[in-house]
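Chains, contacts and geometry: an overview
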Amino acid sequence: MKTDQFASRHLGIRTRDLPLMLDTIGVDSLDTLINETVPDDIRLNAPMNLDAPMSEFEFLEHIREMAAENQIFKTYIGLGYHPCITPSVIKRNILENPGWYTAYTPYQAEIAQGRLEALINFQTMVSDLTGMDLANASLLDESTAAAEAMTMLFDLRSRDQKKRECLRFFVDQSVLPQNLALLETRSAPLNIELVTGTPDAADLDDSYFGALLQYPGADGAIVNHQAFIEKAHSLDMKVTIAADLLSLCLLVPPGAIGADVVVGTTQRFGIPLGYGGPHAAYFATREDYKRHIPGRIIGISKDVDGKPAMRMALQTREQHIKRDKATSNICTAQVLLAVMAGAYGVYHGPEGLKEIANRIHVATTTLAEGLEALGISLRHDFYFDTLSLEFPSEKVRSLAEQAEINFFYRSENEILISLNETTSLSDVSDILKIFESALDKKGISLTQWSEKTALPEELRRTTGFMEQEVFNRYHSETELMRYLKKLERKDLALNHSMISLGSCTMKLNAASEMLPLSMAEWSNIHPFVPVEQAGGYHKMLRALEDYLTEITGFAATSLQPNSGAQGEYSGLMLIRAYHESRGEGHRNICIIPASAHGTNPASAVMAGMKVVVTKTDEKGNIDLADLEEKVEVHSANLAALMVTYPSTHGVFESAIRKITALIHKHGGQVYMDGANMNAQVGLTNPAIIGADVCHLNLHKTFAIPHGGGGPGVGPICVAPQLVEFLPGNPVIQTGGANAIPAISAAPWGSALVCLISYGYIRMLGAEGLTNATRIAILNANYIAGRLKGAYPILYTGEKGRAAHEMIIDCRPFKKHGVEVTDIAKRLIDYGFHAPTVSFPVAGTMMIEPTESENLEELDRFCEALLSIRAEIEVSEENTPNMVLKNAPHTLDMVTADTWEYPYSRKQAAFPLPYVGENKFWPSVRRVDDAYGDRNLICSCEPIEAYAELEH
């Protein structure tokens, strides 16, 4: 082994393992396996042109040098992004801890109770601060949350409003510019008419269905919106308020003045700026709308013993269930960042948060007094942390930048200054010195903080919040460290065992890729600083764009979409813009195979398209005859085909080029879902198969960790004809010559975590990336070979091979009374997270081992499934107390004084010898989902509420 090569650390399979694995599969070489898996006519004929690979040591030196090209100024730009302090106990125990960042979305609730509790804390904090009934478990960013609120209210229109085609949506002109941009993007395909203005002068009538207000405004002004909301409600309008969450420690919550929805970001709750992300947005609303809220809600139910147990509630993966009837395509949250923000709330508690908010406000009033002493006019009397100055920008900008200070220059005569948690008295003095120089005046000498308040009397908060025990108990580092460890122990993450989720690619998140995230030169940069201050970022981002463009064979890449589903939507919006530019805006038919991800049809509808579903044949491939028929019928209006390749069934369809040529012949564009790119890199690419645009899941193929359900990044790569439409940003110039409006809040989306994918590609190089693909295919086919005869393999390619994932059919076991869910829960007893359950085919499991796992772990997993198969064989339908029906088995259950089961405690908890070496104990037994949906509890409750669950 070459110890200086990253590939030897990333790839789990060793040369010595190949003979056994190839013999199990039934091939003579790895090359033969690849040739039998990937069709000849789509193979690359030359290696990818990428930079030579670096060792881990070389990469870390390289990334430090690049980081030095970023300039860290004192930044007071605001606009929803603020420097903040990440408590070291949270940074070390969550952000830098693989027990938190390598976990998957908590679809298997029994092994995710720690993460679920952390998200309940987040939801409770948001609900309490906003004054709303419930909150979800986070969204991608504030702008996305505002757009989701608009579309939710659009969907909630009354029958009469829909009949009258009530399409108008009022937007406060004081909203953040990126929020307005997202509304513009999302409203166009749905024919929603945005009307901007000032709330006090708005001429509302019954043609409006909703409104968005900002509180405080982007310019810092605090306005009482109660009268506007009352007027809106009288017209059957619903109102969303985008609110600064920290300000709500001091201000009357939006729920108390009648808001129907409250959205915003939790970035300033200890989350680094990271040049725009990732950050956790929040979305809070009324109880009445609980079944319409986008994203995920964590609820409290009970397990089979009546013990309180948390799980994802209601609309979980609702886009997979409702498909083109879904109200949103959101499936990625920002769980890791929501966990951090919730922990920030736990650590500081209500009194600590109020103290931080007060400190920021006092700093702002102190600055205001100093500016007024210089004769500078403030545009508003009431504010929280942001001052709007009537002052020539040209007189200040060069002086400020010489002093390494950033303000936001809103216009030639307006400057915004937003203070933050890190602002000291000396910082305020430094700001005043700039204006003293600009005016050639001497101002006041600051020696103490102001005692003034600039909060309006009627909007000062008098109600309590976050009174639950969890927010009032863990305020020392020792206490919080132990609490976080207690939660971590309840979660099964990749640092414990393989997570073989098909379509989700849970691969190694290498430490060397993760380390740069903690460096201040990367984490402390505001997304709207002048681009020359982010030289290191732009060098890294341009290189990553170039790498992804080369890997996909396309012409250009945008890194702006910050989730896979958002990437889907972005790609379709580019196709929409392309057709409109050619005078073919009538093209609105999107053909989607029945096997596609549920986000595909949801994304198409959001992009203003009509979904036509095409069949799959008995081998799991697209039914060519059905596709040809539907393309002919819809030829004049064909906009796009959405296709996943390899297919969602884990097969390289040999007819793919024929399929894409058919779409092009009829004037459509081909969108390729990049969920399965881990089977393509270095062997083929989307351009070769005939696609025009694809998104890539950087949190899958390119090693960004899933973080328990986010962060994700979903950049889009495009063919030449679509380059001009790549998305822009309202504050920083980016995108194509005819850019569509913004797709996410920040110009380059979640830029901070792009460092991970950059490192992954930079350390592996072309050969390493190609070998990763080859080993991923090898591992999947090895598992298929080991399970052959015990579990039916549902789909294979023409030569009997799987791609990087494969589907086992569990439906035949129904005759034994065993469901696929029983197998999933029993795997927990063996120390494994279940593969993807019942997707894309009900009653099946989709297994993807990735290239990172070693042979020993693959064998442990196969032995677990083979042992379970033997347990299935001796099970009989309608027999009570089967080991599979009782799984998972908790420590409480196994150590109980009585044992009334027809199998031993050892079989229950230690079914194979290896389990005892590294036993993972689930903290609850099987969770009752239906009970939780009937009795929805989505926040921390007094202990009495939990007790009631048992009755």
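Focus: the overall build of the protein chain
The secondary structure content of the protein chain amounts to 32 helices and 25 strands. Taken over C-alpha atoms, the radius of gyration comes to 28 Å for the protein chain, in line with the 30 Å a tight globule of 951 residues would show. When burial is assessed residue by residue, the protein chain has 66% of its 951 residues classed as buried. Roughly 32,700 Å² of accessible area belongs to the protein chain as shown, and the carbon and sulfur atoms make up 47% of that amount. Distance from the positive charge centre (83 side chains) to the negative charge centre (118 side chains) of the protein chain: 4 Å.

Concerning the sheet that holds strand E6 (residues 238-243)
Taking strand neighbours across the sheet as the criterion, the 7 strands line up as E2-E8-E7-E6-E5-E3-E4 in an open arrangement whose pairing is mixed. Edge positions in the sheet fall to strand E2 (134-135) and strand E4 (193-197), since each of these pairs with one other strand and no more. Where helix H7 (residues 113-130) meets the sheet, its contacts fall on E2, strand E7 (261-265) and strand E8 (281-285), and the angle it forms with E8 comes to roughly 60 degrees.

Notes on the pattern of salt bridges
Taken as a whole, this structure holds 42 salt bridges when the rule is applied. Across the pair Arg92 and Glu96 runs a salt bridge, and its minimum N-O distance is 3.1 Å. Note on Arg92: relative accessible area 56%, which makes it exposed. Residue class for Glu96 comes out partly exposed when judged on its relative accessible area of 31%. The salt bridge partner of Arg811 is Asp809, with a shortest N-O separation of 2.9 Å. Judged by its relative accessible area of 36%, Arg811 falls in the partly exposed class. Its relative accessible area of 9% is what places Asp809 among the buried residues. Because the salt bridges share partners, they merge into one network encompassing Asp219, Arg379, Arg410 and Glu414.

Thoughts on the packing of aromatic side chains
Under the criterion given, the structure shown has 25 aromatic pairs. With centroids separated by 5.6 Å and ring planes inclined at 85 degrees, the aromatic side chains of Tyr791 and Phe813 adopt a geometry described as edge-to-face. Residue Tyr791 is found in the loop between helix H25 (751-787) and strand E23 (806-809), and its partner Phe813 is found in the loop between E23 and helix H26 (820-829); the two are separated by 22 residues along the sequence. When its relative accessible area of 2% is taken as the criterion, Tyr791 is described as buried. Seen from their ring centres, Phe910 and Trp921 are 5.8 Å apart, and the 90 degrees between their planes marks the pair as edge-to-face. In this pair, Phe910 is assigned in the loop between helix H30 (905-909) and helix H31 (929-934) and Trp921 in the loop between H30 and H31, connecting sequence segments 11 residues apart. The partly exposed category is assigned to Phe910, whose relative accessible area is 31%.

Some words on the nonpolar core
Core analysis: the largest hydrophobic core is formed by 229 residues, its most contacted members being Trp522, Tyr537 and Ile761. No other element matches H25, which puts 22 residues into this core. Counting residues in hydrophobic clusters, the runner-up holds 30 residues, among them Ala147, Leu156, Val263 and Phe283.

A look at the pairing of E6
In summary, the side chains of a regular strand alternate between the two faces of the sheet. Taken across its 6 residues, E6 has 6 buried, putting it largely inside the fold. Burial of E6 is two-sided: the residues Lys238, Thr240 and Ala242 facing one way and the residues Val239, Ile241 and Ala243 facing the other way are all buried. For strand E5 (residues 208-215) and E6, the ladder comprises 6 bridges, and the chain directions are parallel. Bridged to Ala211 within E6 is Val239. Inspection of the sheet shows E6 paired to E7 by 3 bridges, in the parallel sense. Looking across to E7, one finds that Ile241 is bridged to Val262.

Section: the packing of helix H3 (residues 30-37) against H25
At a closest axis distance of 10 Å, the pairing of H3 and H25 adopts a crossing angle of 85 degrees. Considered as vectors, H3 and H25 are oriented roughly perpendicular to each other. Across the interface between the two elements, Leu30, Asp31, Leu33, Ile34 and Thr37 from H3 touch Arg774, Ile775, Ile777, Leu778 and Asn781 from H25. Tallied by class, residues from the contact of H3 with H25 come to 6 nonpolar, 2 polar and 2 charged.

Comments concerning helix H11 (residues 226-234)
In an α-helix, one turn spans 3.6 residues; hence positions three or four apart end up facing the same way. Of the positions making up H11, those classed as buried are Phe228, Ile229 and Ala232. Along the axis of H11, the buried residues cluster in a sector spanning 95 degrees; they form a single face. Along H11, exposed side chains directed more than 90 degrees from the buried face belong to Ala227 and Ser234. On its buried face, H11 is in contact with strand E3 (168-172), E5 and E6. Looking at the residues trailing H11, positive phi occurs at Asp236, about 65 degrees.

Quick word on the pairing of strand E9 (residues 297-302)
Within E9, 6 of the 6 residues are buried, which leaves it mostly tucked inside the rest of the structure. Residue alternation in E9 divides its side chains into two sets, Ile297, Gly299 and Ser301 and Ile298, Ile300 and Lys302, and both sets are buried. Looking at chain direction, E9 and strand E10 (residues 308-313) are connected through 6 bridges and run antiparallel. Bridged to Gly299 within E10 is Arg311.

Brief notes about the sheet that holds strand E18 (residues 610-614)
An order of E16-E22-E21-E20-E19-E17-E18 is seen for the 7 strands of this open sheet, with the pairing classed as mixed. The sheet is open, and its two edges are formed by strand E16 (556-558) and E18, each paired on a single side. Pairs of neighbouring strands in the sheet enclose a mean axial angle of 25 degrees, with direction left out of account. Bridge count for strand E20 (residues 669-674) against strand E21 (residues 693-696) is 4 bridges, and the pairing is parallel. By the bridge assignment for E21, Met672 is matched with Cys694. Against the sheet, helix H22 (residues 624-633) contacts strand E17 (589-593), E18 and strand E19 (638-644), and its axis sits at roughly 150 degrees relative to E18.

So, the packing of helix H13 (residues 335-373) against helix H16 (residues 477-489)
For any two helices packed against each other, the geometry is given by the interaxial angle and the distance between the axes. Look at H13 against H16: their axes get within 10 Å of each other, and the N-to-C directions meet at 145 degrees. Of the two elements, H13 crosses H16, and the hand of that crossing is right-handed. For the pair H13 and H16, the contacting residues are Ala343, Val346 and Tyr347 in the first and Glu477, Leu480, Tyr483 and Leu484 in the second.

Let's talk about the environment of Ser55
Residue position: Ser55 is located in the loop between H3 and helix H4 (56-67). Given the relative accessible area of 12%, Ser55 is considered buried. Note: C-alpha distance between Ser55 and Gln5 (50 residues apart in sequence) is 5.3 Å.

Details of the side chain of Glu653
Considering the arrangement of structural elements, one finds Glu653 in the loop between E19 and helix H23 (656-665). Contacts of Glu653, omitting those with residues within four sequence positions, involve Pro39, Gly620, Asn621, Ile622, Tyr645, Ser647 and Ile659.

Remarks on the side chain of Thr549
By the secondary structure assignment, Thr549 is in helix H19 (residues 535-552). A distance of 2.8 Å separates a polar atom in the side chain of Thr549 from the backbone oxygen of Glu545. Sequence-distant contacts of Thr549, that is, excluding residues within four places in its chain, are made with Phe554, Ala555, Ala556 and Thr557.

Considering the confidence of the model for the protein chain
For the protein chain, per-residue confidence averages 94 on the pLDDT scale, and residues scoring 70 or more make up 96% of the total. Per-residue pLDDT stays below 50 along residues 943-951; that stretch engages in 13 contacts with residues further than four places along the chain or on separate chains.

As for the environment of Asp440
Summarising the element assignment, Asp440 is placed in the loop between helix H15 (425-439) and H16. Among the residues examined, Asp440 registers a relative accessible area of 72% and is labelled exposed. Sequence separation between Asp440 and Leu374 is 66 residues; the distance between their C-alpha atoms is 9.9 Å.

A look at unusual backbone geometry
Residue Gly710 is joined to Pro711 through a cis peptide bond whose omega torsion reads 25 degrees. Structurally, Pro711 is set in the loop between E21 and strand E22 (716-718). Here the bond from Phe839 into Pro840 is cis, since omega is 5 degrees, no more than 30 degrees from zero. Structurally, the position occupied by Pro840 is in the loop between strand E24 (836-837) and strand E25 (844-847). In the Ramachandran plot, Asn191 falls in the positive-phi region, its phi being about 60 degrees despite a non-glycine side chain. Phi is positive for Met466, which is not a glycine, with a value near 50 degrees. In this structure, Met466 sits in the loop between H15 and H16.

Conventions and cut-offs
Residues numbered from 1 in each chain as written. Predicted model: local features only at pLDDT ≥ 70, side-chain atom pairs only at ≥ 80, totals over all residues. Heavy atoms only, no water. Helix = DSSP H or I, 4+ residues; strand = E, 2+ residues; numbered from the N terminus. Rg over C-alpha atoms; globule rule 2.2 N^0.38 Å. Buried < 20%, exposed > 50% of the residue type's maximum accessible area, 1.4 Å probe, protein only. Areas by Shrake-Rupley, 256 points an atom, 1.4 Å probe, with all protein chains shown as cover. Lys, Arg positive; Asp, Glu negative; His and termini not counted. Charge placed at Lys NZ, Arg CZ, Asp CG, Glu CD. Pairing = 2+ DSSP bridges. Contact = heavy atoms within 4.5 Å. Axes fitted to C-alpha atoms, helices over the stretch in contact; angles between N-to-C directions. Salt bridge = Lys/Arg side-chain N within 4 Å of Asp/Glu carboxyl O. Phe/Tyr/Trp six-rings, centres within 6.5 Å; stacked < 30°, edge-to-face > 60°. Core = buried A, V, L, I, M, F, W, Y, C linked by side-chain atoms within 4.5 Å. Parallel < 35°, antiparallel > 145°, perpendicular 65-115°, else oblique. Nonpolar A, V, L, I, M, F, W, Y, C, P; charged D, E, K, R; others polar. Arc of directions from axis to C-beta. Left-handed = near helix turned anticlockwise from the far one by under 90°. Polar contact = N/O pair within 3.5 Å; in protein donor to acceptor, adjacent residues only side chain to side chain. pLDDT = per-residue confidence, 0-100.

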